[in-house]
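Results of the structural survey
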Amino acid sequence: MKPEQRKNRELTYQVGWKRGTIKTSPERNASSDAEQSPWFTRLAGALHRWNGEVLWRKAPLGKGSSAGVLMACLYVLPAVLFTMFVWVVYELSRLS
């Protein structure tokens, strides 16, 4: 659709009790929308690939390790953190 053929549109929205309208103007440059779209698509694709390859990859177990070591760390870590927290509170109470 050519920019001169576009009509003014009003979009209404409601968030909770608040209601409002958004007005669009035909003066918007259609070519700028077309130029931004491929760039945004490339960026979104790169972020999606990084998310899949880096964030959600399998945890490296190392040489000679097994999944049992990771599970043991998973169960021991909360106890160690709690013990450290109690120790810090005790040390702070001795200072005051």
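For the structure given in this document, a descriptive report is provided here. Not measured: the values here are computed from a predicted model. Position numbers for residues count from 1 along each chain, tracking the sequence in the order it is written. Per-residue local features of the predicted model are confined to residues with pLDDT of at least 70, and side-chain atom pairs are confined, for both listing and counting, to 80 or more; whole-chain, interface and lining totals are unaffected and use all residues. Only heavy atoms go into the side-chain values, all of them from the structure, while hydrogens and water stay out.

Let's shift gears to the overall build of the protein chain. In this text, helices come from DSSP runs of H or I with a minimum length of four residues, and strands from runs of E with a minimum of two, each type numbered from the N-terminal end. Counting secondary structure elements, the protein chain contains two helices and two strands. The secondary structure elements of the protein chain, listed N-terminal to C-terminal, are β-β-α-α. Burial here depends on accessible area, computed with a 1.4 Å probe over protein chains only, as a share of the maximum for the residue type. Under 20% is buried, over 50% is exposed, and the range in between is partly exposed. With 96 residues in all, the protein chain has 1% of them scored as buried. Areas reported as accessible are Shrake-Rupley estimates using a 1.4 Å probe. Residue values count occlusion only from the protein chains shown. Working note: accessible area of the protein chain is about 9,400 Å², and carbon and sulfur atoms make up 64% of it.

We now examine the pattern of salt bridges. The rule for a salt bridge is simple: a side-chain nitrogen of Lys or Arg has to be within 4 Å of a carboxyl oxygen of Asp or Glu. The full count for this structure, using the stated rule, is one salt bridge. In this structure, E91 and R94 form a salt bridge, with 3.7 Å as the shortest nitrogen-oxygen distance. Residue E91 and its partner R94 are located together in helix α2 (residues 67–95), separated by three residues, close to a single helical turn. Exposure remark for E91: the relative accessible area of 24% places this residue in the partly exposed category. Residue classification places R94 among the exposed positions, given a relative accessible area of 55%.

For α2, built from 29 residues, the straight-helix expectation of 42 Å at 1.5 Å per residue is met to within 8% by its first-to-last C-alpha distance of 42 Å. By definition, a residue's bend is the angle between the axes fitted to the seven residues ending there and the seven starting there. At V76, α2 shows its largest bend, some 30°, and a proline, P78, comes one to four positions later. Expected span of a helix: the number of residues minus one, times 1.5 Å.

A separate point is a nonpolar patch on the surface. Residues forming no salt bridge and having over 30% relative accessible area are the ones grouped into patches, like charges within 9 Å of each other and nonpolar side chains (Val, Leu, Ile, Met, Phe, Trp, Tyr) within 5 Å. Together, M71, L74, Y75, V76, L77, V80, L81 and M84 line one region of the surface with nonpolar side chains, adding up to about 810 Å² of accessible area. Mapped onto the elements of the fold, M84 is located in helix α2.

Side chains on a regular strand alternate between the two faces of the sheet. Little of strand β1 (residues 10–15) is tucked away, with zero of its six residues classed as buried. A pair of strands is treated as paired once DSSP finds two or more bridges between them. The turn linking β1 back onto strand β2 (residues 18–23) is made up of two residues, and G16 within it adopts a positive phi angle of 65°.

All right, on to the pairing of β2 then. Both β1 and β2 contribute to a ladder of six bridges, which runs antiparallel. From the neighbouring strand, T12 faces β2, where its bridge partner is T21.

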